[in-house]
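# Architecture and fold: a report
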Amino acid sequence: MEHTFYLLTRQQQHAFQLKLAGLFIVGNLVLAGLFFMLSVLFLSIFAVSISLSVFAPFIDIPSGIKAGSLKYYSPLLIGEKVKNARLVLHGGSLFDYYFVLNSKDSAQQRTKQVFSGYIEGLLTLISEYENHQPTHITLKASSYIINPRTANKLGLRQVETDPLQRFILYFNFINLSCAMSLIKGKFTLVNMKKVYTFEGDLDVLITKKQYLVKLQQRIKGLGE
């Protein structure tokens, strides 16, 4: 599993981002002109907000990686910098799915690849900390891929999504739906009722290493 964006040269990466920025600007100018002619210019605010939520990960993720505020544990699992003994994990963004998933694969193959990427990232995280226990680190993650039953097997418990986080999730509804559509291979709206927030102790996750190894082997075996 490779993240092809980071296989590009620095110039190629910047060229891609500039093209995307140009598309973002031109697209919004065209829409603004259309809304102006229809006397509904206020809709431009919504158009910019929606398109910005789609465009932002293609800039924010590489910038965060470069600055060190974000870290890849696998091409489809990202962690924020540990703060106050808390590590926030993020599943792959639209940016990551775009550069990692193969459009020629079936929806089932891409779904397995996403799960495999999550497990690979968790195993990398475990390898980084397993010799430094107790870590006293709390994990927090939100996902529309992993359900509470699977999370419980990893020692993670479902918790209430705080109001600010819920607002951010709903603001990114189109972004999340685009990411889900890449996985499914067809336009798919995310069911926001199935976006869960989980918390747990890293030390407990470390004890699940063998379970994750066997699960990874099973997923890869099904993909062959």
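Residues numbered from 1 in each chain as written. Predicted model: local features only at pLDDT ≥ 70, side-chain atom pairs only at ≥ 80, totals over all residues. Heavy atoms only, no water.

Going by an unreviewed UniProt entry, the protein chain carries the name DUF2982 domain-containing protein and comes from Pseudoalteromonas neustonica.

Pairs may arise between side chains of opposite charge once their charged atoms sit close together. Taken as a whole, this structure holds six salt bridges when the rule is applied. With its nearest N and O atoms 3.1 Å apart, the salt bridge here joins Lys209 to Glu130. Placement of the pair is Lys209 in helix α10 (residues 209-223) and Glu130 in the loop between α5 (107-129) and β4 (138-143), with a sequence separation of 79 residues. Owing to a relative accessible area of 25%, Lys209 belongs among the partly exposed residues under this scheme. Since its relative accessible area comes to 25%, Glu130 is described here as partly exposed. Note that Asp162 is salt-bridged to Lys140, the shortest N-O span being 3.5 Å. One end of the pair, Asp162, is in the loop between β5 (157-159) and α7 (163-171); the other, Lys140, is in strand β4, and 22 residues separate them in sequence. What makes Asp162 partly exposed here is its relative accessible area of 28%. (Salt bridge = Lys/Arg side-chain N within 4 Å of Asp/Glu carboxyl O. Helix = DSSP H or I, 4+ residues; strand = E, 2+ residues; numbered from the N terminus. Buried < 20%, exposed > 50% of the residue type's maximum accessible area, 1.4 Å probe, protein only.)

Further remarks concern the packing of aromatic side chains. Aromatic rings considered in pairs are described by the distance between their centres and by the relative angle of their planes. Applying the stated criterion across every chain, the model contains 16 aromatic pairs. Where Phe5 meets Tyr6, the ring centres are 5.2 Å apart and the plane angle is 90 degrees; that geometry is what we call edge-to-face. With relative accessibility at 31%, the residue Tyr6 sits in the partly exposed group. Aromatic side chains Phe16 and Phe99 sit 5.1 Å apart centroid to centroid with 75 degrees between the ring planes, which places their arrangement in the edge-to-face category. On the criterion of sequence distance, the pair formed by Phe16 in helix α1 (residues 10-37) and Phe99 in helix α4 (residues 94-100) is long-range, its members being 83 residues apart. Across the pair, exposure class does not vary: Phe16 and Phe99 are buried alike. (Phe/Tyr/Trp six-rings, centres within 6.5 Å; stacked < 30°, edge-to-face > 60°.)

The side chains of a regular strand alternate, residue by residue, between the two faces of the sheet. Two strands pair when backbone bridges link them, and strand β1 (residues 70-74) and strand β2 (residues 77-80) are joined in this way by four bridges, in the antiparallel orientation. Within the sheet, the bridge partner assigned to Ser74 lies in β2 and is Leu77. Following β1, the chain reverses through two residues before pairing antiparallel with β2. Relative to strand β3 (residues 86-91), β2 runs antiparallel, the two being bridged by three bridges. In the strand pairing of β3, Gly79 is matched with Leu89. Connecting the antiparallel pair β2 and β3 is a turn made up of five residues, with Asn84 showing a positive phi of about 50 degrees. (Pairing = 2+ DSSP bridges.)

Turning our attention to helix α3 (residues 57-67). Since the α-helix advances by 3.6 residues per turn, residues separated by three or four positions end up pointing in the same direction. Of the residues making up α3, those classed as buried are Pro57, Phe58, Ile61, Pro62 and Gly64. Buried residues in α3, looked at end-on, bunch into an arc of 160 degrees, giving them a common side. Opposite its buried face, α3 presents the exposed residues Lys66 and Ala67, each directed more than 90 degrees away. Where α3 is buried, its residues contact α1, α2 (43-55), β1, β2, α4 and α8 (173-184). The first or second residue beyond α3 is Gly68, which carries a positive phi of 90 degrees. (Arc of directions from axis to C-beta. Contact = heavy atoms within 4.5 Å.)

Along the polypeptide, Gln13 turns up in helix α1. There is a polar contact of 3.4 Å between the side chain of Gln13 and the backbone oxygen of Leu8. (Polar contact = N/O pair within 3.5 Å; in protein donor to acceptor, adjacent residues only side chain to side chain.)

Turning our eyes to something else, we now look at the sheet that holds β4. Pairing is mixed in the open sheet, where six strands are placed in the order β1-β2-β3-β4-β6-β5. Each having just a single partner strand, β1 and β5 make up the two edges of the open sheet. Sheet twist, expressed as the average angle between the axes of neighbouring strands with direction ignored, equals 30 degrees. Sheet topology places β5 next to strand β6 (residues 196-201); three bridges connect them, and they run antiparallel. Bridge pairing in β6 places Gln158 opposite Phe198. Each of β1 and β2 is contacted by α3, which is oriented at about 95 degrees to β1, the strand it contacts most. (Axes fitted to C-alpha atoms, helices over the stretch in contact; angles between N-to-C directions.)

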